[in-house]
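# A look at the structure
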Amino acid sequence: MATSSPLSVFWSLLFLLIACFYLFRLVSVRPWIDHGDAENEVGHGVMAIGMMVMLAPAGSLTSDLIRGNIILFALVSLWWTIRLFARKPLFTILLRIKGGHSPFRSDAIHVFMHVSMCYLFLLMNSMALSMTQPATYATSLFFVVYAFLTLFYAREVSKDFQTAKMNWLQCGANLAHLLMSAVMGWMFLEMLSMTMSMGIR
């Protein structure tokens, strides 16, 4: 999904900054960070790094790198799907330590976003797949959901700015969600536009 080089470099740097932001949230010793759910921060960081790779300048993505990301996001999607049904961080189960409850909505969004990343890398790996009718339907569905998520997180950011005492880390997380949702929606729209321009309906 690489675009023109200057724009690609901008998006790649932006998502690198988002990945660093989640790394900061992960290692921060501030009391409002829930260290019991480090998986959440890692999941966001992996998503940001994957988007950074996907938006890299044209020619920098090799077939091996694309296939590696397909495997990575398939495994991460499986991890979050299991966590979704377990209703708690998996590391707390594996390490037999006490951990907080895992919010269903948050985990469901993680599953959706990582599955969609795996799907986009699959389309990048096989343009023939992207031109099939089922793929067109799936791409349209992903676009609609990301449009909804973009509006949802825009509202959350607006609410953050209206609070009397702003939690900057929470606001930053919502801004990161907003950017990731908007750009993912844009990438699916680009994929649909490419498909229609090639005469696929």
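Structure shown above.
Source: prediction; values computed, not measured.

Parameters at a glance
- Counting of residues starts from 1 at the beginning of each chain's written sequence and follows it residue by residue.
- Residue-level local features of this predicted model are given only where pLDDT is at least 70; pairs of side-chain atoms are given and counted only at 80 or more, and the full residue set underlies all totals for whole chains, interfaces and linings.
- Each side-chain value is worked out from all heavy atoms of the structure, with water and hydrogens disregarded.
- Counting from the N terminus, the helices are DSSP H or I runs at least four residues long and the strands are E runs at least two residues long.
- For each residue, the accessible area found with a 1.4 Å probe, counting protein chains only, is set against the maximum for its type, and the residue is called buried under 20%, exposed over 50%, and partly exposed in between.
- Only heavy atoms enter the contact rule, under which two residues are in contact if any of them lie within 4.5 Å.
- All accessible-area figures derive from a Shrake-Rupley calculation using a 1.4 Å probe, and residue coverage is judged against the displayed protein chains alone.
- Axis lines are fitted to C-alpha atoms, over the contacting stretch for helices. Their N-to-C directions set the angle, which ranges from 0 to 180 degrees.
- Should the near helix be turned counterclockwise from the far one by less than a right angle, the crossing is left-handed, whereas a clockwise turn marks it as right-handed.
- Basically, the charged four are Asp, Glu, Lys and Arg, the nonpolar ten are Ala, Val, Leu, Ile, Met, Phe, Trp, Tyr, Cys and Pro, and anything else, Gly included, counts as polar.
- Here is the rule: rings of Phe, Tyr and Trp (six-membered ring for Trp) pair when centre to centre is within 6.5 Å. Planes less than 30 degrees apart are stacked, more than 60 are edge-to-face, and the remainder are tilted.
- When a carboxyl oxygen of Asp or Glu is within 4 Å of a side-chain nitrogen of Lys or Arg, the pair counts as a salt bridge.
- Any angle between 65 and 115 degrees counts as roughly perpendicular, while under 35 counts as roughly parallel, over 145 as roughly antiparallel, and the rest as oblique.

The next thing to look at is the overall build of the protein. Secondary structure summary: the protein contains eight helices and zero strands in total. Reading the helices (α) and strands (β) of the protein from amino to carboxyl end gives α-α-α-α-α-α-α-α. For the protein, buried positions account for 44% of its 201 residues. Excluding contacts between residues fewer than 6 apart, the proportion of contacts in the protein whose partners are at least 24 apart in sequence is 75%. Here the protein has roughly 10900 Å² of accessible surface; of this, 72% comes from carbon and sulfur atoms.

Each pair of packed helices gets described by two things: the angle between the helix axes and the distance between those axes. Contact geometry for helix H5 (residues 104-125) and helix H8 (residues 168-197): axes closest at 12 Å, N-to-C directions at 35°. Seen along the crossing, H5 lies across H8 with a hand that is left-handed. On the side of H5, the interface is formed by Met113, Ser116, Met117, Tyr119, Leu120 and Leu123, while H8 contributes Met180, Ser181, Met184, Met187, Phe188 and Met191. When the residues that make up the contact of H5 with H8 are grouped by side-chain class, the tally is ten nonpolar, two polar and no charged.

Now for the packing of aromatic side chains. Under the counting rule described, the total for this entry stands at eleven aromatic pairs. The interplanar angle of 70° and the centroid separation of 5.2 Å between the aromatic rings of Phe21 and Tyr22 together place this pair among those described as edge-to-face. Taking relative accessible area as the criterion, Tyr22 reaches 2% and is therefore assigned buried.

What follows concerns the pattern of salt bridges. For the structure shown, the criterion picks out five salt bridges. The partner of Arg83 in a salt bridge is Glu39, and the shortest N-O contact between them spans 3.0 Å. One end of the pair, Arg83, is in helix H3 (residues 63-86); the other, Glu39, is in helix H2 (residues 38-54), with 44 residues separating them in the sequence. Each member of the pair, Arg83 together with Glu39, is buried. Measuring nitrogen to oxygen at the nearest pair gives 3.4 Å for the salt bridge that ties Glu156 to Lys159. Highlighted residues: Glu156 and Lys159, both in helix H7 (residues 133-162), separated by three residues, approximately one helical turn. Since its relative accessible area comes to 41%, Lys159 is described here as partly exposed. Among the charged side chains, a salt-bridge network with shared partners connects Glu39, Arg83 and Asp107.

The geometry of H5 relative to H7 is characterised by a closest axis approach of 11 Å and an angle of 140° between their N-to-C directions. Between H5 and H7, the crossing angle belongs to the class labelled oblique. When you trace H5 past H7, the crossing you get is left-handed. Judged by residue contacts, Arg105, Ile109, Phe112, Met113, Val115, Ser116, Tyr119 and Leu123 of H5 engage Ala135, Ala138, Thr139, Phe142, Val145, Tyr146, Leu149, Phe152 and Tyr153 from H7. Per-class residue counts for the contact of H5 with H7 are 14 nonpolar, two polar and one charged.

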